[in-house]
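These are the residues of each chain, in order.
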Amino acid sequence: MNLNIDAIKGQTFDAIVIGSGISGGWAAKELTEKGLKVAVLERGREIKHIEGYETAMKNPWEFDHRGRPTNMAAEEYWAGMRTGYTPAEEHRYLFENDKQNPYIEKKGGFDWIRAYHTGGKSLLWGRQTYRWNREDFLANEKEGVGTPWPIGYDDLAPWYSYVEKFAGISGQAEGLDVLPDSDFLPAMQMTAPEVHFKNAVNKKLGRPVTVGRVAHLTKPGKQHTDLGRSSCNYRNKCMRGCPYGAYFSSLSATLPAAMRTGRLTMIHNAIAAEIIYDESTQKAKGVRVIDQNTMESKEYFAKIIFVNAGAIGSTSILMNSKSNRYQNGLGNDSDQLGRNIMDHHLGAGASATIEGFEKDYMFGNRPNGLYIPRFQNWGKDKRSYSRGFGYQGGASREGWGRGVGADGFGAEFKESLTHPGQWTVGFGGFGEILPNPENRFVLGAQKDKWGLPILEFSASFGQNELQMREDMMNEAATMLEAAGFKNINAYNKQDTHIGLGIHEMGTARMGTSVKNSIVNKHNQVHEVKNVFMTDGAVMASASCVNPSLTYMAMTARAADFAVNELKKRNL
Ligand SMILES: Cc1cc2nc3c(=O)[nH]c(=O)nc-3n(C[C@H](O)[C@H](O)[C@H](O)COP(=O)(O)OP(=O)(O)OC[C@H]3O[C@@H](n4cnc5c(N)ncnc54)[C@H](O)[C@@H]3O)c2cc1C
Ligand code: SF4
C-alpha cells in the first residue's frame, strides 16, 4: 500500500473554499448542493452552533468586568478599541486579538477588525441587508472613476432574490429605484416617534424613511425551520451568537445546508498561506496551509478554488502565491492586487431628544433601526461631491442606565429610575468611499508567528469623502429639526479611519480586462480560471449600502458558473 497516495487522496477534493464567513459559507453550500465534494479551509478555531455561543445566555452581573474591556484587553485589541464596542466583554471572544495578529499602519490609519473562527464575521455582523441599485454599477464608468464594472444590476437581480429567500430578510417594500426591494419577510415595526419622524421628513423634505432591512427571521419558512432556525424574539444580543438561528450566519444557515449534503469537509486551524500554481496547466492545483497550532505545513488539492478569506485576507493570499509566472502575486499582471481599499465611512450624523410620546414604549429589544436611503446626487439633487450616503439610526427610550453618574440618591431617586426615561433619537451616515489606487496594502518585510508577511496599510480619506462627511452631519441635523426634535447635537468625528465601517472592500477588483483588474465578470482570476474570488476584494466601487448581500449574490452566481464550466470541462 502506498501511504503517500492515500494521504493525497484524503487531501483531494472537487473544490476548496478558503474561509467560512458569509461568502465562504455560501460557496460551500452552493458547490456541495451542486454535487461537488468540498473542503472548507478555515484558519480559525471551530465554533459550534448553539453550544459555541459561550456568552449568549449570560446576565450582565455574570461578566467579571460588567462588560467593559479591561486595560489589558484595550492594549491587545488596539484596533478594535477604535470601534468603541468590539472588545466589550460579552462578545470579545469572537473578535481577533490585534496584538497577536499584527498589522502595520504606514500612512494614515486603517481599522482592520477580524474574526477568525467558523463563520467569520457572519456571527458578528449587524445584519443590515440592502441590494445595490442600478446606478451603483454604472457610476464608475459615467464619472471616469476607477474602472467600469463588467456586470450590472440585471446580472445580480435573480441571485439577490435567490439568496434572500434562503437567508430570510425582513423589510418593507418601498418601490424605490435608489434602494431596490428584496424578497421580504414581514418588516419589523417602527416606534411611535419613528413613525412621526418618517412622516415629517417625508412631508417636509420629500425623503423616504424605511425600517431597516435585516437578515432576521420574522416569519420563518420551511427552508429555514428545516435547518433548525426559528423566529427572532427581539432580545438584541445578536453579537454573542444566536442560539435560535434567528439571524442569518454561516453557522445557522449555509454550513448546515452544505453539511446535510454529506459532501462537506470542514478543516479548522488551517491558515491558507498560498495557492499552488501549476505552470504546465496554467491553473491552480491546490492550497498550502499552515496549521495555526502545530505550524505543520500541508497541501490540499482541487479542481476549483474559491478564495473567501474576507477582502484583505483573500488578496493577501494571492499576493503570497508567487511562482515563475506570477512573481508579483497570483493573477497580478495589472499590479492591482492590494489597491483601492474601500469601506463605508461613518462617524458623522446627529442626535436629539424628543418631547412627548410618554405613553409609548418599544416592543422588546428590536435588533434593528431605521434606514434613510441616499438622496444626494439622486434625481435632481446635486452636491459638490460625487456619490452619496444613507443613514442608519432610530429612536428609543432611556432606561435606568440614565441614572448612572447622575446627581441623586435615595428612595425617590431610585423609584424615578423604575420608569422609562425620555425618548432620544440619532442617525449616522454610511458614506461611499471612492476607489483610490494609493489607498492600499502591501506584504511587509516583517513576518508573523506563522512566518507569513505582516501587512502594511496606507489609507486615508480624499476630498470627496471629507466634503461628504460635512454634509452627513448637516443633513442629519436638518431632518431631526424637520421632525421638531430638541437639543440637536451634530457631529463629524475627525479621528475616523477607513476600516471603521468594517465593510472593507476592493484590493482585487473585478474588471473588463487583465490589464486593469484581477477578476473577470464571473469572478474568475482572469488568467487562472479555476480560481474564483467572491468576497469584498472584488468590489470595483463601494455603493453606500451595507455590502454583504452583494457578496452572497455574487458567490451563488459564481458557484453556478463554476460548476457549469466544470461540467463542460473548461476548468
Ligand atoms: C460588528 C460588525 C457589523 C457589521 N454589520 C454589517 C451589516 O449590518 N451589514 C453588512 O452587510 N455587513 C456588515 N458587516 C460586515 C460583514 O460582516 C462582512 O461584510 C462579511 O462578513 C464579509 O464576509 P466574508 O466572507 O468576506 O468575510 P468574513 O465573514 O470575515 O469571513 C472570512 C473567513 O475567512 C477566514 N480566513 C481569513 N484568512 C484565512 C486564511 N488565510 N486561511 C483560511 N481562512 C481564512 C476567517 O477566519 C473567516 O472565517 C459587519 C461586520 C462587523 C464586524
Ligand atoms: S434578537 Fe433575534 S437574532 Fe438577535 S439574538 Fe435575539 S433571537 Fe437571535
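(A) Expanded view of the overall build of the protein chain. From N to C terminus, the protein chain includes 12 helices and 20 strands. Here the C-alpha atoms of the protein chain give a radius of gyration of 24 Å, agreeing with the 25 Å that 2.2 N^0.38 yields for 571 residues. C-alpha atoms of the protein chain, sized along the principal axes, occupy 80 × 55 × 50 Å. Within the protein chain, buried positions represent 59% of all 571 residues. When contacts within the protein chain are restricted to residue pairs at least 6 apart in sequence, long-range pairs at least 24 apart make up 72% of them.

(B) Region of the structure containing empty space enclosed by the protein. With the rule as written, the count across this model stands at three cavities of 30 Å³ or more. Of the pockets and cavities examined, the largest cavity occupies roughly 90 Å³. Taken together, His216, Cys232, Asn233, Tyr234, Arg235, Asn236, Lys237, Cys238, Cys242, Tyr244, Ala246 and Tyr247 make up the full set of residues lining the largest cavity. Residues that form the lining of the largest cavity fall into these classes: seven nonpolar, three polar and two charged. If you add up the space inside the second largest cavity, you get close to 60 Å³. Around the second largest cavity sit Arg131, Trp132, Asn133, Asp136, Val178, Leu179, Tyr371, Pro373, Arg374, Ser543, Cys544 and Val545, which together line it. Grouping the constituent residues of the lining of the second largest cavity by class yields seven nonpolar, two polar and three charged.

(C) How the structure looks around the pattern of salt bridges. Going through the model one piece at a time under the given rule, you end up with 28 salt bridges. A salt bridge links Lys303 to Asp14; its shortest N-O distance comes to 3.2 Å. Here Asp14 lies in strand β1 (residues 12–18) and Lys303 lies in strand β10 (residues 297–307), a separation of 289 residues in the sequence. Relative accessible area serves as the criterion here: at 45%, Lys303 is assigned to the partly exposed category. Residue Arg325 is joined to Asp333 by a salt bridge in which the shortest nitrogen-to-oxygen separation is 2.8 Å. Judged by relative accessible area, Arg325 falls into the partly exposed class, the value being 34%.

(D) Expanded view of the site of ligand 1. In the vicinity of ligand 1 there are 36 residues, among which Ser23, Glu42, Gly126, Gln128 and Ala272 approach most closely. The separation between an oxygen atom of ligand 1 and a polar side-chain atom of Ser548 is 2.9 Å. Here ligand 1 loses 95% of its free accessible area of 990 Å² to cover by the protein chains. Of all elements in the fold, only α2 (22–33), β8 (270–278) and α12 (548–567) reach the threshold of two or more residues within the shell around ligand 1. Partitioned by chemical class, the residues of the shell around ligand 1 number 16 nonpolar, 15 polar and five charged.

Reading the values: the criteria
Residues numbered from 1 in each chain as written. Chains lettered and ligands numbered in written order. Predicted model: local features only at pLDDT ≥ 70, side-chain atom pairs only at ≥ 80, totals over all residues. Heavy atoms only, no water. Helix = DSSP H or I, 4+ residues; strand = E, 2+ residues; numbered from the N terminus. Rg over C-alpha atoms; globule rule 2.2 N^0.38 Å. Buried < 20%, exposed > 50% of the residue type's maximum accessible area, 1.4 Å probe, protein only. Contact = heavy atoms within 4.5 Å. 1 Å grid on protein atoms, 1.4 Å probe; cavity = no way out; pocket = protein on both sides within 12 Å on 5 of 7 lines; lining within 4 Å. Points joined across faces, edges and corners; volume = space filled by probe spheres on them. Nonpolar A, V, L, I, M, F, W, Y, C, P; charged D, E, K, R; others polar. Salt bridge = Lys/Arg side-chain N within 4 Å of Asp/Glu carboxyl O. Near = heavy atom within 4 Å. Polar contact = N/O pair within 3.5 Å; in protein donor to acceptor, adjacent residues only side chain to side chain. Areas by Shrake-Rupley, 256 points an atom, 1.4 Å probe, with all protein chains shown as cover.

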